[in-house]
Amino acid sequence: FTTFMRGQVVHLRTTISYRARGYYKPPIGPTIGAGCGNDKVQPQIQIELVTPITLNRNWHLRSESRLDKLEPASDSAKDRCVVSILKYDVTTRVIDAARQAITSHLPDIDSKIAKIDLTQRASGWWDLLNRPIRLRDDVWLQLQPRQFRLGAVTGTAHTLTVQAGLDAFPKIVTGAEPKAIARPLPTLAKDTADAGFQIALDGIVDFETVTRAVEDAVRGKSVTQAKQTVTVKSVVVGPL
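Residues numbered from 1 in each chain as written. Predicted model: local features only at pLDDT ≥ 70, side-chain atom pairs only at ≥ 80, totals over all residues. Heavy atoms only, no water.

Moving on, we get to unusual backbone geometry. Phi at W59 takes a positive value of approximately 70°, unusual for a residue other than glycine. The residue W59 is located in the loop between β5 (44-55) and β6 (61-63) in this model. (Helix = DSSP H or I, 4+ residues; strand = E, 2+ residues; numbered from the N terminus.)

With that settled, the discussion passes to the pattern of salt bridges. Counted by the stated rule, this structure contains 12 salt bridges. One salt bridge connects R13 with E48, and the closest N-O pair in it is separated by 3.0 Å. Residue R13 is found in strand β2 (residues 9-17), and its partner E48 is found in strand β5; the two are separated by 35 residues along the sequence. The class of R13 is partly exposed, set by a relative accessible area of 29%. A salt bridge links E208 to R212; its shortest N-O distance comes to 3.9 Å. With E208 and R212 both in helix α4 (residues 207-218) and four residues apart, the pair spans about one turn of that helix. For E208, a relative accessible area of 57% corresponds to the exposed category. Residue R212 is classed as partly exposed on the basis of its relative accessible area of 36%. Beyond isolated ion pairs, a larger network of salt bridges with shared partners links E215, D216 and R219. (Salt bridge = Lys/Arg side-chain N within 4 Å of Asp/Glu carboxyl O. Buried < 20%, exposed > 50% of the residue type's maximum accessible area, 1.4 Å probe, protein only.)

What follows is about the side chain of N130. Within the fold, N130 resides in the loop between α3 (119-129) and β10 (133-136). Within the structure, N130 has its side chain in polar contact with the backbone oxygen of W126 (distance 2.8 Å). Excluding its chain neighbours within four sequence positions, the residues that come into contact with N130 are P145, A180, I181 and R183. (Polar contact = N/O pair within 3.5 Å; in protein donor to acceptor, adjacent residues only side chain to side chain. Contact = heavy atoms within 4.5 Å.)

Turning our eyes to something else, we now look at the packing of aromatic side chains. Two descriptors summarise a pair of aromatic rings, namely the distance from one centre to the other and the angle between the planes of the rings. Tallied over the full model, the rule gives two aromatic pairs. Centre to centre, the rings of W59 and F148 are 5.6 Å apart; their planes meet at 80°, and the pair counts as edge-to-face. You can see W59 sitting in the loop between β5 and β6 and its partner F148 sitting in strand β12 (residues 145-157), a full 89 residues away along the chain. Take W59: its relative accessible area is 5%, and that puts it in the buried class. Connected via pairs of aromatic rings, a cluster forms that spans W59, W126 and F148. (Phe/Tyr/Trp six-rings, centres within 6.5 Å; stacked < 30°, edge-to-face > 60°.)

Okay, here's the thing in structure tokens:
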């Protein structure tokens with residue numbers, strides 16, 4: 001099979017060659033055998049299967065394969081099965097038999113696709129999201145992810161693209177680098193219909209960092225009130 005993607009649908013396409021032979025036992029006389037195709041020339045059938053691809057809650061691919069096309073490879077006589085003795089065209093019978101055989105094995109294809117497990121890759125993404133992100137010296141962003149959500153699954157040619165949403169509770173922390181929190185990969189949730197996002201960002205800042213930031217902002221500045229001038233030389237921030 002040649003495999004490629006268009007949008008969310010995977011296409012499996014192939015062309016097969018075949019030989020067919022049938023037998024007839026008349027009431028009187030020997031058995032007669034006739035068919036189409038030989039070692040050199042064989043009629044061909046084009047087959048195309050399609051299946052949408054998505055992910056289940058446990059990070060395995062999921063598909064629902066169906067037969068999309070099953071027909072002679074061309075309109076020419078070479079791709080027809082004509083019984084040589086009687087000149088009887090049995091191409092439709094061959095196509096019907098092939099359809100039954102292929103359709104009965106579609107669950108096998110879905111079963112093989114379901115064995116493709118993305119847990120290891122998703123766990124790698126999850127571990128990265130749980131690590132602190134350095135914004136500047138002694139300032140860190142913790143995303144604190146809670147949930148992955150499945151978005152659209154699309155593809156082009158041989159590339160599968162999975163869009164994932166993320167539920168997170170980000171927090172900014174100052175001081176030494178905080179330890180990464182090891183959280184197990186959650187099951188994959190369904191995406192929401194909301195467009196865009198809103199973030200409420202908490203910040204935990206130590207007094208030393210606040211003192212340094214405020215002092216850098218106001219040190220050396222002067223304030224004049226009632227003909228008196230005060231110049232800020234240093235600032236110390238402490239608890240109320």
